[in-house]
Amino acid sequence: MKKAGEMKRTGAVRKIQIREEACIGCHLCEFYCAAEHHPSKDLLKAFGPGRERPRGRVRVVEEGPVSFALVCRHCDEPLCVFACVSGAMERDLETGKVIHDPERCVGCLSCILACANGTILWDEKRGVVAKCDLCPGREVPACVAGCPNEALILTE
Amino acid sequence: MKSYLPPEFIVERREDRCIRCLTCVRQCGFETHVYDAEENSLLSREELCVGCLRCVTLCPTRALTVRTNPSESRPNANWTREHLRDVCRQAESGGVILTGSGNDKPIRSYWDHLFLNASQVTNPSIDPLREPMELRTYLGRKPDALEPGEGRARESECPNVRIETPLLFSAMSFGAISLQAMQSLARAASEYGTLFNTGEGGLPAELVDYGKVAIVQCASGRFGVNWEYLNNSAIVEIKIGQGAKPGIGGHLPGEKVLAKVAETRMIPVGTDALSPAPQHDIYSIEDLSMLIYALKEATSYRKPISVKIAAVHNAAAIASGMVRAGADMIVIDGIRGGTGAAPKLIRDHVGIPIELALAAVDTRLREEGIRNWASLVAAGGFRSAADVIKAIALGADAVYLGTAALVAMGCTICQKCYTGICNWGICTNRPELAKRLNPDVAARRLVKLLRGWSLDIKEILGGMGVNAIESLRGNRLQLRGVGLEEWELRVLGVKGAGE
């Protein structure tokens, strides 16, 4: 198990900044995220009529006028990585990204218990957890690109 | 009582594209869309739809179309659909019909009958991309003559405010519009070097830093007026009238007077904010002069004092009185000016078009030799830089943009401002709706609008061979009328095309 202090990052970190004051509670980030992580990468194909609805890795929480998208903070000292029993959760020291490898995940839910932000979600169908991977291969993560009110913005 | 009103709009949903994301359900403040979880189906209660297109714009798969309801009763040129509807509404409500935004009737737009000049052969046009082009102008009284001092003209004793483009944001009060909307206007004005207007609702504490780009209003309700407010400003404006509702006061219902609005307006939470129709201390030009000088005293003669009136029949004579009463800037708001709430008949039938009023006022002030005593600002329904430049050629120093600025922020002119529900987060105080307007986004859009229109103005100026906006002001020879009657050309002070 890795310990705090061993996790110093070496490169620039991209992070998704959450702006509660601009979140309009439309939940579109959830849909764009789920479609991006669907093999088709297409909203219509992922959610079209009669299809099994995929889950995203971002979740909008709301209470009255307060709403915001909960998405992995890619913490400098990631409790989920410390808690992971199988080595599925790792932190890329260069990019600062906290990466989850579903192949190594045993579905013990320790990371979900450990995460202070509640950003790791349980994918029941696959029996593993799912979390934000900052959309590898995309310039801007799908949730950020799809947010109609810039309530999610990418900071470098 | 069963309503006989047919829905104004119909909502069409393409089932093959709808992914049940429910964005439409969540985004409609009027609760038009309903999701039935049992059936996994979406219904539209079309009688509630106002045609604001929020759902259409946000639908991620373009599954929605909103159209005017095509159902028609027997065509009748006299009893139009709108007349039938309004009679029906009043028969059901027994009240006055309220509306928002500006006049939507096909009133003759004189801008569309005025054409601009360009240089050919005998004088060179200017390429604004290669040569400097001056849009900067100054608001305030100008001296009668320049007295040469030591090497340069002596500075005027009259306070003047510099603006980098002749485009100002109109008065829209906090309470009527959201804090986010006002913040967006303030930030855009500050960034581009122009001014926004607080309207009559005071300057919210969050925006005190924008005082130097604020025109602060002192209206009949005197909301939020105090020494700090008056002095934390670029210009102080006395609001007598508004183009959308000449002769009518304002009424911000108690439900909209939430804690922050109440604090800014200096009234108790939940009380109706009533702006009387007249200013009760102004029943004559002499009374107006007393208020102008009271405000000048309060601001140590450091701020230009503006007076805003609606364009009405005797606007020219009234404007002359206003200037003689000491106003450093006068604002004429035409019949197409917008509002947060006004009786529909007043909005549509009271007042006169800004083009005629502006020309009449400028002519009158010139004839009396007092045009330099005050800047002249036109307001009311400016749709493009072409309208703006024609207004300047008719005699305006600058124009106020209200509706155009709102549209830049997202407004689709659904005219439901008076309901307190604005799906675009502009004309509302409901926190969950107001946060839909992100000031970062809206301010950026406004700055781009100012930039785009300023570039348009430079292009047209260059074509005329004029390199400064101040050289065009009141130069009606740059305009020619088409399709106008003799009297209209006379009032506008413009020749017919070909003359």
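Residues numbered from 1 in each chain as written. Chains lettered and ligands numbered in written order. Predicted model: local features only at pLDDT ≥ 70, side-chain atom pairs only at ≥ 80, totals over all residues. Heavy atoms only, no water.

Chemist: Please clarify how the overall build of chain B should be interpreted in this entry.
Modeler: Helix and strand content of chain B: 16 helices and 21 strands. Expressed as lengths along the three principal axes of its C-alpha atoms, the size of chain B is roughly 85 × 55 × 45 Å. By the burial criterion, 54% of the 499 residues in chain B qualify as buried. Taking as baseline every contact in chain B between residues at least 6 positions apart, the subset at least 24 positions apart corresponds to 69%. Between the averaged position of the 58 positive side-chain charges in chain B and that of its 56 negative side-chain charges there is a distance of 3 Å. (Helix = DSSP H or I, 4+ residues; strand = E, 2+ residues; numbered from the N terminus. Buried < 20%, exposed > 50% of the residue type's maximum accessible area, 1.4 Å probe, protein only. Contact = heavy atoms within 4.5 Å. Lys, Arg positive; Asp, Glu negative; His and termini not counted. Charge placed at Lys NZ, Arg CZ, Asp CG, Glu CD.)

Chemist: Any chance you could explain the domain arrangement of chain B here in plain terms?
Modeler: Where interface size is given, it is often the accessible area lost as the parts come together that is meant. All names here are of chain B. Domain boundaries assigned for chain B yield domain 1 (9-95) and domain 2 (114-496). Its C-alpha centre places domain 1 at a distance of 35 Å from the equivalent point of domain 2. Each partner contributes to the roughly 1100 Å² buried at the junction of domain 1 and domain 2, and carbon and sulfur atoms together form 51% of this total. By the criterion of area lost to domain 2, the three top residues of domain 1 are Phe 30, Cys 52 and Arg 54, representing 46% of everything that side buries. At the surface where domain 1 touches domain 2, the tally comes to 2 salt bridges. The partner of Asp 86 in a salt bridge is Lys 344, and the shortest N-O contact between them spans 2.4 Å. Those elements that place two or more of their residues in the side of domain 1 that touches domain 2 are α1 (23-27), α2 (54-58) and α3 (81-93). Here the element with the most residues in the side of domain 1 that touches domain 2 is α3; it accounts for 3 residues. (Domains from an automatic or database assignment. Buried area = accessible area lost by both parts, 1.4 Å probe. Salt bridge = Lys/Arg side-chain N within 4 Å of Asp/Glu carboxyl O.)

Chemist: For this particular structure, what's the right way to read the packing of helix α7 (residues 285-298) of chain B against helix α8 (residues 315-324) of chain B?
Modeler: Residues and elements named next belong to chain B. At a minimum axis separation of 9 Å, α7 and α8 run at an interaxial angle of 40°. When the axis of α7 is compared with that of α8, the two are oblique. Where α7 crosses over α8, the two elements pack in a sense that is right-handed. For the pair α7 and α8, contact is made by Ile 285, Leu 288 and Ile 292 and by Ile 318, Gly 321 and Met 322, respectively. Of the residues assigned to the contact of α7 with α8, the class counts are 5 nonpolar, 1 polar and no charged. (Axes fitted to C-alpha atoms, helices over the stretch in contact; angles between N-to-C directions. Parallel < 35°, antiparallel > 145°, perpendicular 65-115°, else oblique. Left-handed = near helix turned anticlockwise from the far one by under 90°. Nonpolar A, V, L, I, M, F, W, Y, C, P; charged D, E, K, R; others polar.)

Chemist: Would you take a moment to explain unusual backbone geometry for this structure?
Modeler: Glycine aside, the phi torsion of most residues is negative, and most peptide linkages are trans. Residues and elements named next belong to chain B. Within the chain, Met 266 stands out as a residue other than glycine whose phi angle is a positive 60°. By relative accessible area, Met 266 is classed as partly exposed at 45%. With a phi angle near 55°, Ser 300 is a residue other than glycine that sits in the positive phi range. Structurally, Ser 300 is set in the loop between α7 and β15 (305-310). Judged by relative accessible area, which is 39%, Ser 300 ranks as partly exposed.

Chemist: Where do I start with a nonpolar patch on the surface in this structure?
Modeler: A contiguous nonpolar patch, built from Trp 79, Leu 84 and Val 87 of chain B and spanning about 290 Å² of accessible area, is present on the exposed surface. Counting through the fold element by element, Trp 79 of chain B comes out in the loop between β4 (64-68) and α3. (Patch = residues over 30% accessible without salt bridge, like charges linked within 9 Å, V, L, I, M, F, W, Y side chains within 5 Å. Areas by Shrake-Rupley, 256 points an atom, 1.4 Å probe, with all protein chains shown as cover.)

Chemist: What is the right way to read the interface of chain A and chain B from this model?
Modeler: Opposite the 24 residues of chain A that make contact, chain B presents 22 residues. Carbon and sulfur atoms make up 55% of the area that chain A and chain B hide from each other, which totals about 1800 Å². Three residues, Ile 24, Leu 44 and Pro 65 of chain A, lead the burial of chain A against chain B; their summed loss comes to 28% of the area buried on that side. Note that Arg 19 of chain A and Asp 440 of chain B form a salt bridge whose closest N and O atoms lie 2.7 Å from each other.

Chemist: Sorry if this is basic, but what is going on with the pairing of strand β12 (residues 235-239) of chain B here?
Modeler: Looking along a regular strand, one sees side chains alternate from face to face of the sheet. Residue and element names in this part refer to chain B. Of all the 5 residues making up β12, 5 are buried; the element is thus mostly covered by neighbouring parts of the structure. By the alternation rule, side chains of β12 split into Ile 235, Glu 237 and Lys 239 and Val 236 and Ile 238, which are all buried. The pairing of strand β11 (residues 214-218) with β12 spans 4 bridges and is classified as parallel. When the sheet's bridge partners are listed, Ile 215 is paired in β12 with Ile 235. Examined bridge by bridge, β12 and β15 share 4 bridges and lie parallel to one another. Residue pairing for β15: Lys 239 is matched across the bridge by Lys 308. (Pairing = 2+ DSSP bridges.)

Chemist: Explanation requested: the state of the cysteines in the structure shown.
Modeler: Working definition: the covalent bond between the sulfur atoms of two cysteines is a disulfide. Tallied over the entire structure, the rule returns 0 disulfides over all chains. Cys 80 of chain A provides the cysteine sulfur closest to Cys 115 of chain A, a residue in no disulfide bond, and the two sulfurs are 6.3 Å apart. Note on Cys 427 of chain B: no disulfide assigned, nearest cysteine sulfur contributed by Cys 417 of chain B at a separation of 4.6 Å. (Disulfide = S-S within 2.5 Å.)

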